[in-house]
Amino acid sequence: MSKSNWQEAVSAISPLDEAWVVRASERLDSLTKPPGSLGRLEETARQLAGITGELTPDLSRKAVIVMAGDHGVCEEGVSAFPAEVTPQMVLNFLNGGAAVNVLARQAGADVVCVDIGVNAELSHPELVSRKVRKGTANMAAGPAMSREEAEAAISVGIDLVGELVERGYRMFATGEMGIGNTTASSAILTVLGDTDPAAATGRGTGIDDERLKHKQQVISRAVALNRPDATDPVDVLAKVGGLEIAGLVGVILGAARHRCPVVIDGFISSAAALLAARIAPLSASYMIASHLSQEQGHARLLERIGLSPMLRMDMRLGEGTGAVLAFPLIEASVRIMKEMATFADAGVSQGPAGGAEADAVRDANLSETSAQQASEQASLLAQAGHRA
Ligand SMILES: O=C(O)c1ccc[n+]([C@@H]2O[C@H](COP(=O)([O-])O)[C@@H](O)[C@H]2O)c1
Ligand SMILES: Cc1cc2nc[nH]c2cc1C
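Residues numbered from 1 in each chain as written. Chains lettered and ligands numbered in written order. Predicted model: local features only at pLDDT ≥ 70, side-chain atom pairs only at ≥ 80, totals over all residues.

Named according to an unreviewed UniProt entry, the protein chain is Nicotinate-nucleotide--dimethylbenzimidazole phosphoribosyltransferase originating from Paenibacillus filicis. A UniProt comment under Pathway (unreviewed entry) is attached to the protein chain, and it reads "Nucleoside biosynthesis; alpha-ribazole biosynthesis; alpha-ribazole from 5,6-dimethylbenzimidazole: step 1/2." Looking at the Function (unreviewed entry) heading of the UniProt record, one finds this comment for the protein chain: "Catalyzes the synthesis of alpha-ribazole-5'-phosphate from nicotinate mononucleotide (NAMN) and 5,6-dimethylbenzimidazole (DMB)." (UniProt positions renumbered as here; feature names shortened; annotations may be inferred.)

What follows is the structure, encoded as structure tokens:
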């Protein structure tokens, strides 16, 4: 059987370039600061070098891809908001009035809004119309979609990233809109994260205690009915996932395929990231976790992928809002590499004071620092892929 285009993309994902991680480490240790003192910025600079094969990649052309889809499981009363909010918010994104639009403008990023599975017929000059089907089916009554539909939605994400890379985009953020999609994401965490539905389920748009219990029962019912195979991530996606989640799996795989960093937003995006990491373990090293959502289960999802979030903002909106907030931090790490003076340039003394012996100690420490950090990071990134 010939490979589908998404399987081709998966086979084309390669590991980070370790030689560039080491080069980045050496550069970082030559800059006027104690080694390692810029913490996560340094880690990000090394990761970006390993991803792009450049010390100072130009990531200024960047987009948040907001995948939108409806969820049949809304019939079960699992959300605090009605399903019609999904198409209404799509129009809000297109008109520039949603939170993600504001934060994207602040970060100098473009918002690309995709109809991958909204029930309504939507039309707007800026809308990317790639509907795979009108909404998922209710997973509490049968599979959310067929395997073919899940694969088609993954391909939508991969193809879109390919098109954007052609147009010069070099960094991506994941965003989504779909009333009911925290139910799908919690079901994914339950199955792939081997997690009790109670620990995997949160309040989404803001449900009360009674509805939360009901939502957990709906998830347990959907998992028992569909029996997704935890060793087959595409089966899990088709049976208890969502079209926009599948589209984001494609965005993540596509970014990794094109050696671009992909910034992961909150709970739903992280469910897509866990699926992507299970489909293609190497894709995990291209991910940057932006923030820790308030949604119950998010920390566990990130831990299962081996990611640690950059920010804690007590947000739980989705849309890509947290991911877009992290863009300037990621660009700051490139700027550090580009603009900071080295010890030699600035005539700043490096390491412990006094004598040839101190110099020798310093040199030993420094070379250890570079090599150690680079190899630690390479192995952490490899482990992230391995764990997922
Ligand atoms: O990303 C998150 O962490 C997040 C947490 C809670 C809710 N959301 C957003 O809220 C919607 C899903 O919530 P719900 O309650 O309808 O399942 C969907 O449009 C998401 O973008 C997003
Ligand atoms: C208003 C609204 C905006 C959203 N953005 C993402 N999910 C959302 C859910 C609601 C209800």
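A.B. asks: I'm lost on the overall build of the protein chain in this one. Help?
C.D. replies: Secondary structure assignment for the protein chain yields 16 helices and six strands. Taking 21 Å as the expected radius of gyration for a compact globule of 388 residues, we find that the protein chain reaches 22 Å, a close match to that expectation. Here the C-alpha coordinates of the protein chain stretch approximately 75 × 50 × 45 Å along the principal axes. In the protein chain, buried positions account for 56% of the 388 residues. A sequence separation of at least 24 residues applies to 77% of the contacts in the protein chain between residues at least 6 apart. (Helix = DSSP H or I, 4+ residues; strand = E, 2+ residues; numbered from the N terminus. Rg over C-alpha atoms; globule rule 2.2 N^0.38 Å. Buried ≥ 20, exposed ≤ 12 C-beta atoms within 10 Å, placed from the backbone. Contact = placed C-beta atoms within 7 Å.)

A.B. asks: What should I look at first to understand the sheet that holds strand 5 (residues 262-264) in this one?
C.D. replies: Spatial ordering of the open sheet is given by 3-2-1-4-5-6, a layout of six strands whose pairing is parallel. In the strand order of this sheet, the two ends are held by strand 3 (128-129) and strand 6 (287-289), each with one partner. The pairing of strand 4 (residues 171-177) with strand 5 spans two bridges and is classified as parallel. Looking at strand 5, one finds that alanine 173 is bridged to valine 263. (Pairing = 2+ DSSP bridges.)

A.B. asks: Can you walk me through the site of ligand 2 in this structure?
C.D. replies: Around ligand 2, the structure places Phe81, Val85, Met89, Met177, Thr205, Leu317, Gly318 and Glu319. Here the shell around ligand 2 is built from residues that sort into five nonpolar, two polar and one charged. (Near = placed C-beta within 6 Å. Nonpolar A, V, L, I, M, F, W, Y, C, P; charged D, E, K, R; others polar.)

A.B. asks: When you look at the site of ligand 1 in this model, what are you seeing that I'm missing?
C.D. replies: Near ligand 1 there are 23 residues, and of these Ser79, Gly204, Gly266, Ser293 and Gly318 occur at the shortest range. With three residues, the top contributor of residues to the shell around ligand 1 is helix 7 (residues 181-192). Of the residues that constitute the shell around ligand 1, the class distribution is seven nonpolar, eleven polar and five charged.

A.B. asks: Would you take a moment to explain helix 13 (residues 298-305) for this structure?
C.D. replies: In an α-helix, one turn spans 3.6 residues, which is why side chains three or four residues apart end up on the same side. Taken together, the buried positions of helix 13 are His298, Leu301, Leu302, Arg304 and Ile305. The buried residues of helix 13 occupy one face: seen down the axis, they fall within an arc of 160°. (Arc of directions from axis to C-beta.)

A.B. asks: Which parts of the structure should I look at to understand the UniProt feature "active site" (unreviewed entry) in the protein chain?
C.D. replies: Those places that UniProt annotates as "active site" (unreviewed entry) correspond, in this numbering, to Glu319. Considering the arrangement of structural elements, one finds glutamate 319 in the loop between helix 13 and helix 14 (321-339). When sequence neighbours within four positions are dropped, the list of residues in contact with glutamate 319 reads Val66, Ala98, Ala99, Val100, Gly175 and Met177.

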